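If you want the building blocks of each chain, they are given just below.
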Amino acid sequence: MRLIRAWLFAIPVLVLSVARVSSHHGFSSVYDEKRLVTVAGVVTQFRLVNPHAMMLMDVTDEAGRVVKWTVEFAGRLNLSNVGWTADSIKAGERVTVTGNPTHTDSQRMFFRRLVRPNGTELLPAADQRLNAIEEERRQRARQRNQQE
């Protein structure tokens, strides 16, 4: 019985992992999945649209110049399935964003994490799903342990 439960957990995790890696177009042709960059700035626009949500932000560089950054997200359906709305990120909000940079090191990245000044975080849809699956697994394990 425990083996069946383990497989019931493993299969969705594997499916979500494969789905994330094999997106509908070439992620790796644009973004460098082996590197991460982090920038802090002010959101100027967030659009929850398909095929990919987009956020524009003003980031002040080391020289004191304001540089426009573009952050690309998963599509509207993926994000809204885990509770994101058009108001999840607001213009004027100060945020710190981490993501995969482009191979050309342009001011563009693919979203991996957003942190607000109060410490709250937004994560990609796939990460949120995996976290939810993992939490459900922990709760079931606790219930089993209490019954034994």
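Use the structure listed above.
Residues numbered from 1 in each chain as written. Predicted model: local features only at pLDDT ≥ 70, side-chain atom pairs only at ≥ 80, totals over all residues. Heavy atoms only, no water.

### Quick word on the overall build of the chain
To be explicit about the condition: Secondary structure elements follow DSSP: runs of H or I no shorter than four residues count as helices, runs of E no shorter than two count as strands, and numbering proceeds from the N terminus. What makes two residues a contact is simply this: any of their non-hydrogen atoms within 4.5 Å.
Tallying secondary structure elements over the chain gives 4 helices and 6 strands in all. Going residue by residue from the N terminus, the α and β elements of the chain occur as α-α-β-β-β-α-β-β-β-α. For the chain, restricting intrachain contacts to residue pairs at least 6 apart in sequence, the fraction spanning at least 24 positions comes to 56%.

### Things to note about the side chain of histidine 52
For clarity, the threshold we go by: Throughout this description, buried means an accessible area under 20% of the type-specific maximum (1.4 Å probe, protein chains only), exposed means over 50%, and partly exposed covers the range between. We call two N or O atoms a polar contact when they sit within 3.5 Å, provided that within protein one can donate a hydrogen and the other can accept it, with sequence-adjacent residues counted only if both atoms are side-chain atoms.
Tracing the backbone shows histidine 52 in the loop between strand E1 (37–47) and strand E2 (54–60). By relative accessible area, histidine 52 is classed as buried at 15%. A distance of 3.1 Å separates a polar atom in the side chain of histidine 52 from the backbone oxygen of phenylalanine 73.

### A short note on the pairing of strand E3 (residues 66–72)
Rules: In short, DSSP must find at least two bridges between two strands for them to pair.
Within E3, 5 of the 7 residues are buried, which leaves it mostly tucked inside the rest of the structure. With 7 bridges connecting them, E2 and E3 associate as antiparallel partners. Residue pairing for E3: valine 59 is matched across the bridge by valine 67. Here E3 runs beside strand E5 (residues 108–115); their pairing, made up of 3 bridges, is parallel.

### Quick look at unusual backbone geometry
Of note, the bond from asparagine 50 into proline 51 is cis; its omega dihedral lies within 30 degrees of zero at 5°. Tracing the chain through its elements places proline 51 in the loop between E1 and E2. For aspartate 105, which is not glycine, the phi dihedral falls at a positive 55°. By the secondary structure assignment, aspartate 105 is in the loop between strand E4 (94–101) and E5.

### Side note on the nonpolar core
What counts, and what does not: To form a nonpolar core, buried Ala, Val, Leu, Ile, Met, Phe, Trp, Tyr and Cys residues must be joined to one another through side-chain atoms within 4.5 Å.
If you look at the biggest cluster of nonpolar residues, it comprises 22 residues, and the most contacted ones within it are Met55, Met57, Phe73, Ile89 and Val97. Within the residue set of this core, elements represented by two or more residues are E1, E2, E3, E4 and E5. If near-sequence neighbours (up to four positions away) are discounted, valine 97 is found in contact with Val37, Thr38, Val39, Met55, Met57, Val71, Met109, Phe111, Arg113 and Leu114.

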